[in-house]
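Structure at a glance
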Amino acid sequence: MNNIINLTKMSFTNLKSVYKQIWLIWIVWIGVAIFNPFFLNMLFGLSILLTLYQVMAYEDNNGINYLISFLPVKRSEYVISRYLLGIGSLLLSIIVIYIVHLVSTQINPLKEVPIKILLPISITSAILAMSVIIPLVLKFGINKGRVFMSIIIMVIAMAPISIISYISKNPKMIDNIMNIINNIGLPIIAILINIVMILISICISIKLYQNKEIKE
């Protein structure tokens, strides 16, 4: 467990080396999302995707695979630390998105997207991105992973916006969804789905990384 925590701390430390590439995009999308809340879900997914990808790219370029091979840590511990990095980034993003949502509703009350709908969709898209990008990068590396990342960005950009935009134009659908949330508990369902996605992704990532041949 100590190895996992230390590897996660290492990654958050490495985040300082790539923050310029991430914060610039954050600032742009926050500005856009304040005036158009439909972009909040895209900001959520992209923030997690970019954080993971940039950190993993930085570590890959600095020979993290060779380091893991020689350090007294298990490959599975390194894999799990990638997900803890993603979850930590996710928690920080929730705070930022919630603040931006509050500001956006004050500026554009007519375009307000209920936070009870926004958060489950946004978190699920972020978890999905994390569950896909980590095993792909571990398997194919950063260079080949860029192609897959481009596809994931397109999915994150289009799918959630299309869903929320469609829902927001149908007041009756919003009422029905809110009734489901109040009666059944959509957040709980979303949490269960996300946990299953993460567990499946972790199992796949561990198997892929354990079988990966480290070339000198």
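Residues numbered from 1 in each chain as written. Predicted model: local features only at pLDDT ≥ 70, side-chain atom pairs only at ≥ 80, totals over all residues. Heavy atoms only, no water.

Turning next to the overall build of the protein chain. Counting its secondary structure elements, the protein chain contains seven helices and zero strands. Listing each helix as α and each strand as β along the protein chain from the N terminus yields α-α-α-α-α-α-α. Within the protein chain, the proportion of its 216 residues that are buried is 46%. In the protein chain, of all internal contacts separated by at least 6 residues, the share reaching a separation of at least 24 is 84%. For the protein chain, the computed accessible surface area is about 11,800 Å², with 69% contributed by carbon and sulfur atoms. (Helix = DSSP H or I, 4+ residues; strand = E, 2+ residues; numbered from the N terminus. Buried < 20%, exposed > 50% of the residue type's maximum accessible area, 1.4 Å probe, protein only. Contact = heavy atoms within 4.5 Å. Areas by Shrake-Rupley, 256 points an atom, 1.4 Å probe, with all protein chains shown as cover.)

Next up on the list: the confidence of the model for the protein chain. Here the protein chain shows a mean pLDDT of 78. Residues at 70 or above account for 75%. Summarising per-element confidence for the protein chain, the mean pLDDT is lowest in helix 6 (residues 171-183) (69) and highest in helix 7 (residues 186-210) (88). (pLDDT = per-residue confidence, 0-100.)

What follows concerns the packing of aromatic side chains. Tallying each qualifying case throughout the model produces one aromatic pair. Summarising the aromatic geometry, the rings of Tyr-78 and Tyr-209 are spaced 5.5 Å apart at their centres and angled 35° between planes, so their arrangement reads as tilted. Of this pair, Tyr-78 sits in helix 4 (residues 75-107) while Tyr-209 is found in helix 7, placing the two residues 131 residues apart along the sequence. Its relative accessible area of 1% is what places Tyr-209 among the buried residues. Directly above the ring of Tyr-209 sits Arg-75, whose terminal nitrogen or CZ lies 5.4 Å from the centroid. (Phe/Tyr/Trp six-rings, centres within 6.5 Å; stacked < 30°, edge-to-face > 60°. Lys NZ or Arg CZ within 6 Å of the ring centre and 35° of its normal.)

Looking now at the environment of Ile-189. Following the sequence through the fold, Ile-189 ends up in helix 7. It is 9.2 Å that separates the C-alpha atoms of Ile-189 and Pro-120, two residues lying 69 residues apart in sequence.

Our focus in this paragraph is the pattern of salt bridges. Tallying each qualifying case throughout the model produces one salt bridge. The shortest N-O distance in the salt bridge between Arg-82 and Glu-59 comes to 2.9 Å. One end of the pair, Arg-82, is in helix 4; the other, Glu-59, is in helix 2 (residues 40-61), with 23 residues separating them in the sequence. Grouping residues by exposure puts Arg-82 and Glu-59 together as buried. (Salt bridge = Lys/Arg side-chain N within 4 Å of Asp/Glu carboxyl O.)

In this section: a nonpolar patch on the surface. On the surface, a cluster of nonpolar side chains totalling about 580 Å² of accessible area is made up of Phe-35, Leu-92, Ile-95, Ile-99, Val-103 and Ile-107. If you trace the backbone, Ile-95 turns up in helix 4. Residue classification places Ile-95 among the exposed positions, given a relative accessible area of 52%. (Patch = residues over 30% accessible without salt bridge, like charges linked within 9 Å, V, L, I, M, F, W, Y side chains within 5 Å.)

Within the largest apolar cluster, 41 residues are counted, with the highest numbers of intra-cluster contacts made by Met-130 and Ile-134. For this core, the secondary structure elements donating two or more residues are helix 1 (2-35), helix 2, helix 3 (64-70), helix 4, helix 5 (115-168) and helix 7. No other element matches the twelve residues that helix 5 contributes to this core. Dropping the residues within four chain positions of it, Met-130 is found in contact with Ile-48, Leu-52, Tyr-83, Gly-86, Ile-87, Pro-135 and Ile-198. (Core = buried A, V, L, I, M, F, W, Y, C linked by side-chain atoms within 4.5 Å.)

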